[in-house]
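Breakdown of the fold
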Amino acid sequence: MGRREEARAEAAFMRGDVGIDGAATEEKEDAAEAERGKAREALLRGRTYLGREFLTWLLWNSEAGEPVTEYEKVGVTVLLVGRIVLKGVSGEVTELSAKGAQAPYSEQVKRALDKGLLVHQARLLLTHGERAFEVSLDAEFLDIRAAKLPALMSEDDDSQLAERLALTEQLSALVNALVEAFLAVRAGKAWTKQVVPSMKAWMRGEEERQKLTPIQRAANARKR
């Protein structure tokens, strides 16, 4: 090995790029896998608008206080609490944040929605049977950013860990059930003809709600 090669090898070792055996300390990411990862991220980002529609639909559908959907034959009740962030793609205001216990259901938020903004971030209180979960959702990826689980019943560490994992899985399942309920309505013919006009009327304070639960409305939409 020439002096130049030795100097390069020594510099790589000092940077931590290679170990004492001369092998790389970190595996280089496969170029094809990196491109697939970028493509997946772009696809998810492209669905941000759908995520905003979901959270906006959830806000509208939850105000009545009735279960929005069911999971394991038990109703899932949703309440938006605390801070809410609205975003849009055009207009004089493209982002709005509101705080307060009743902020998500306030007239100010409804007026902003009527102007074209949609819910981008929200804190949800999910009630399923006797259990209550709190979770923050972001429309960009619909991933769980922060969550508060029900109080643990177990006392020893191993049992608490297992219980916490089970509760986390249940929370994920509840969020998935809500998304599936929305997609069933979103893909139905009633979305454009009935749901969107009803949501717009609600934003303007003009809606006279049908005396049907959200579950019944979703079922009717799937039948159309």
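Report on the accompanying structure. Computed from a predicted model, the values in this text were never measured in an experiment.

This brings us to unusual backbone geometry. Positioned with a positive phi, E72 is a non-glycine residue whose angle comes to about 55°. By the secondary structure assignment, E72 is in the loop between β1 (69-71) and β2 (74-87). The exposed category is assigned to E72, whose relative accessible area is 59%. Even without being glycine, K73 reaches a positive phi, approximately 65°. Take K73: it is sitting in the loop between β1 and β2.

Take the packing of aromatic side chains next. For the structure on display, the rule yields four aromatic pairs. Judged by centre distance (5.5 Å) and plane angle (55°), the rings of W57 and F182 are tilted. Residue W57 is located in helix α3 (residues 48-62), and its partner F182 is located in helix α5 (residues 157-186); the two are separated by 125 residues in the primary sequence. For the pair W57 and F182, one class covers both residues: buried.

Running from amino to carboxyl end, α3 crosses α5 at an angle of 100°, the nearest separation of the two axes being 10 Å. Taken together, α3 and α5 sit at an angle that is classed as roughly perpendicular. Contacts between α3 and α5 involve L50, E53, F54, W57 and L58 on the former and, on the latter, L178, V179, A181, F182, L183, V185 and R186. Among the residues forming the contact of α3 with α5, the class breakdown is 10 nonpolar, no polar and two charged.

Here we come to the nonpolar core. Core analysis: the largest hydrophobic core is formed by 41 residues, its most contacted members being F54, W57, L59, I84, L124 and L126. For this core, the elements supplying multiple residues, two or more each, are α3, β2, α4 (107-114), β4 (118-128), β5 (131-138), α5 and α6 (190-203). Broken down by element, this core gets its largest block of residues, nine residues, from α5. Apart from residues no more than four positions distant in its own chain, I84 is found in contact with L59, L96, S97, A98, P104, V109, V119, Q121 and A122.

What counts as what
Residues numbered from 1 in each chain as written. Predicted model: local features only at pLDDT ≥ 70, side-chain atom pairs only at ≥ 80, totals over all residues. Heavy atoms only, no water. Helix = DSSP H or I, 4+ residues; strand = E, 2+ residues; numbered from the N terminus. Buried < 20%, exposed > 50% of the residue type's maximum accessible area, 1.4 Å probe, protein only. Phe/Tyr/Trp six-rings, centres within 6.5 Å; stacked < 30°, edge-to-face > 60°. Axes fitted to C-alpha atoms, helices over the stretch in contact; angles between N-to-C directions. Parallel < 35°, antiparallel > 145°, perpendicular 65-115°, else oblique. Contact = heavy atoms within 4.5 Å. Nonpolar A, V, L, I, M, F, W, Y, C, P; charged D, E, K, R; others polar. Core = buried A, V, L, I, M, F, W, Y, C linked by side-chain atoms within 4.5 Å.

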